[in-house]
Amino acid sequence: MKRFVCMLLALSFGAAALYAQESHAGTAYVSLKGGPAFNLYENAFSYRENGRLAELFTFGGSVAFGFDFSDPFGIRVEASYGGDAGACNVRQTSAGGFWPYTFKHGDAFVDAVLNLNGLAGKVTRFRPKLYAGLGGAYTFGFTDSGHPWQKVNDKNLVFGCRAGFIAEYTTKSGFGFFADLCGEAYNDNYNGLMPNKEEQKTYEGYGGFPLDLRGLLSVGIVFHFL
C-alpha cells in the first residue's frame, strides 16, 4: 500500500513538473521570422495582364517581443522591414503600357494573442494561436515607374491593422519554431497612391477599394524565457 501511495505521489509531482515545463504563463519570449508577402494595391491587376504576377510577391523579415499573461492570453510587439511592389495607372493612360515600381516599408504592430489550446485548458508543446493587432507603417524608397502623368508620393506614414494565425511548437528548453499566416490592411496611401473619391467613381479599376492590402506567410524561430 505504501508503495502504491508513493507511486501516486511520484506521478503527481511528475505531472506538476511537466506542467511547469510546458506552461508559458507569466513568461516572455523573443522571435525572428521571415517570408514572402503578396501585395494587393491599385493597379495590381496590371502585373497579371503583363505576365509578371510573380513580381507582386516580395520578401521581408521581423523581430518580436511577447509576453504570455496566462496559457490562453498574451501580447506581442513586432517590428518588420521589407520590400513592396506597386504600379501606376494603366486604364486611363493613353500611352498604354505597364508602369511598375518598388518601394520599402518599416512597420510596427501590437498584437493580442489567443492560444487555442490554452483556452481549452490544455498545456501542450504545440500551440495554435490566433492574433489581431493595430499599428502603422512608414513607406519610402520608391523607384520611378516612368509614368507620364501620375505622381507617386514618397515617405508615407500610415495606420494599419491585421489578423493572423500562428502554428508554434516549443521544446522543454523554451526554443521553438513556428509558421505565421497574416493579412494586413493599411490606409490607401501605403503604396504612395491615394485616389480621391471622384477618381474612384470615374476610373474603372483605379482605386475603388479604400485600403492597401498585404498577405504574408512567414516561418521563424522563438525562444521563451521559461
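I will try to describe carefully the structure that is included in this document. Not measured: the values here are computed from a predicted model.

### Side note on the nonpolar core
- Ranked by internal contacts, the top residues of the largest apolar core, which has 13 residues, are Tyr 101, Phe 103, Ala 137, Val 158, Tyr 186 and Tyr 190.
- Here this core takes three residues from strand S4 (residues 100-115), the largest share from any one element.
- Residues within four places of Phe 103 in sequence aside, it is in contact with Tyr 41, Gly 82, Gly 83, Asp 84, Ala 85, Gly 86, Thr 139, Phe 140, Gly 141, Phe 142, Tyr 190 and Asn 191.
- Counting nine residues, the second largest nonpolar core, distinct from the first, contains Tyr 29, Val 113, Tyr 131 and Phe 178.

### Brief notes about the side chain of Glu 78
- If you trace the backbone, Glu 78 turns up in strand S3 (residues 73-87).
- At a separation of 3.3 Å, a polar atom in the side chain of Glu 78 contacts the side chain of Lys 33.
- A polar atom in the side chain of Glu 78 sits 2.9 Å from the side chain of Arg 162.

### Overview of the pattern of salt bridges
- For the coordinates displayed, the defined rule picks out 13 salt bridges.
- Between Arg 76 and Asp 111 there is a salt bridge; the shortest N-O distance is 3.0 Å. Remark: Asp 111 occurs in strand S4 and Arg 76 occurs in strand S3; sequence separation between them is 35 residues. There is no split in this pair, since Arg 76 and Asp 111 are both buried.
- Several salt bridges converge on common partners, so that one network encompasses Lys 33, Arg 76, Glu 78, Asp 84, Asp 111, Arg 162, Asp 180, Glu 184 and Arg 214.

### Concerning the packing of aromatic side chains
- Across all of its chains, the model carries 14 aromatic pairs by this definition.
- Summarising the aromatic geometry, the rings of Tyr 41 and Phe 103 are spaced 6.1 Å apart at their centres and angled 45° between planes, so their arrangement reads as tilted. On the criterion of sequence distance, the pair formed by Tyr 41 in the loop between strand S1 (27-40) and helix H2 (45-49) and Phe 103 in strand S4 is long-range, its members being 62 residues apart.
- What makes Tyr 41 buried here is its relative accessible area of 7%.
- Centre to centre, the rings of Phe 103 and Phe 142 are 4.5 Å apart; their planes meet at 5°, and the pair counts as stacked. Placement of Phe 103 in strand S4 and of Phe 142 in the loop between strand S5 (126-140) and strand S6 (156-170) is noted, with a sequence separation of 39 residues between them.

### Brief notes about the pairing of strand S7 (residues 175-187)
- Where S6 and S7 come together, eleven bridges link them in antiparallel fashion. In the strand pairing of S7, Ile 166 is matched with Asp 180.
- With antiparallel pairing between neighbouring strands as the criterion, S6 and S7 make up a hairpin whose turn holds four residues, including Gly 174 at a positive phi of roughly 100°.
- As paired strands, S7 and strand S8 (residues 211-224) are joined by 13 bridges and run antiparallel to one another. If you follow Glu 184 over to S8, its bridge partner there is Arg 214.

### Observations regarding the pairing of S1
- Taken together, the twelve bridges between S1 and strand S2 (residues 57-68) define a ladder with antiparallel strand orientation. Note that in S2 the partner of Tyr 29 across the bridge is Gly 66.
- Both S1 and S8 contribute to a ladder of ten bridges, which runs antiparallel. Within the sheet, the bridge partner assigned to Leu 32 lies in S8 and is Ile 221.

### Quick notes on the sheet that holds S2
- Read around the barrel, eight strands follow the order S1-S2-S3-S4-S5-S6-S7-S8 and close on themselves; strand pairing throughout is antiparallel. The sheet shows a mean angle of 25° between the axes of neighbouring strands, taken without regard to direction.

### Looking at the environment of Phe 140
- Within the secondary structure, Phe 140 is located in strand S5.
- Judged by its relative accessible area of 25%, Phe 140 falls in the partly exposed class.
- Taking the C-alpha atoms as reference points, Phe 140 and Gly 106, separated by 34 residues in sequence, lie 8.6 Å from one another.
- Apart from the residues lying within four places of it in its own chain, the contact partners of Phe 140 are Tyr 81, Phe 103, Lys 104, His 105, Gly 106, Asp 154 and Lys 155.

### Examining the side chain of Ser 31
- The topology assignment puts Ser 31 in strand S1.
- What Ser 31 contacts, discounting residues up to four positions off in sequence, is Ser 62, Val 63, Ala 64, Phe 178, Ile 221 and Val 222.

Reading the values: the criteria
Residues numbered from 1 in each chain as written. Predicted model: local features only at pLDDT ≥ 70, side-chain atom pairs only at ≥ 80, totals over all residues. Heavy atoms only, no water. Core = buried A, V, L, I, M, F, W, Y, C linked by side-chain atoms within 4.5 Å. Buried < 20%, exposed > 50% of the residue type's maximum accessible area, 1.4 Å probe, protein only. Helix = DSSP H or I, 4+ residues; strand = E, 2+ residues; numbered from the N terminus. Contact = heavy atoms within 4.5 Å. Polar contact = N/O pair within 3.5 Å; in protein donor to acceptor, adjacent residues only side chain to side chain. Salt bridge = Lys/Arg side-chain N within 4 Å of Asp/Glu carboxyl O. Phe/Tyr/Trp six-rings, centres within 6.5 Å; stacked < 30°, edge-to-face > 60°. Pairing = 2+ DSSP bridges. Axes fitted to C-alpha atoms, helices over the stretch in contact; angles between N-to-C directions.

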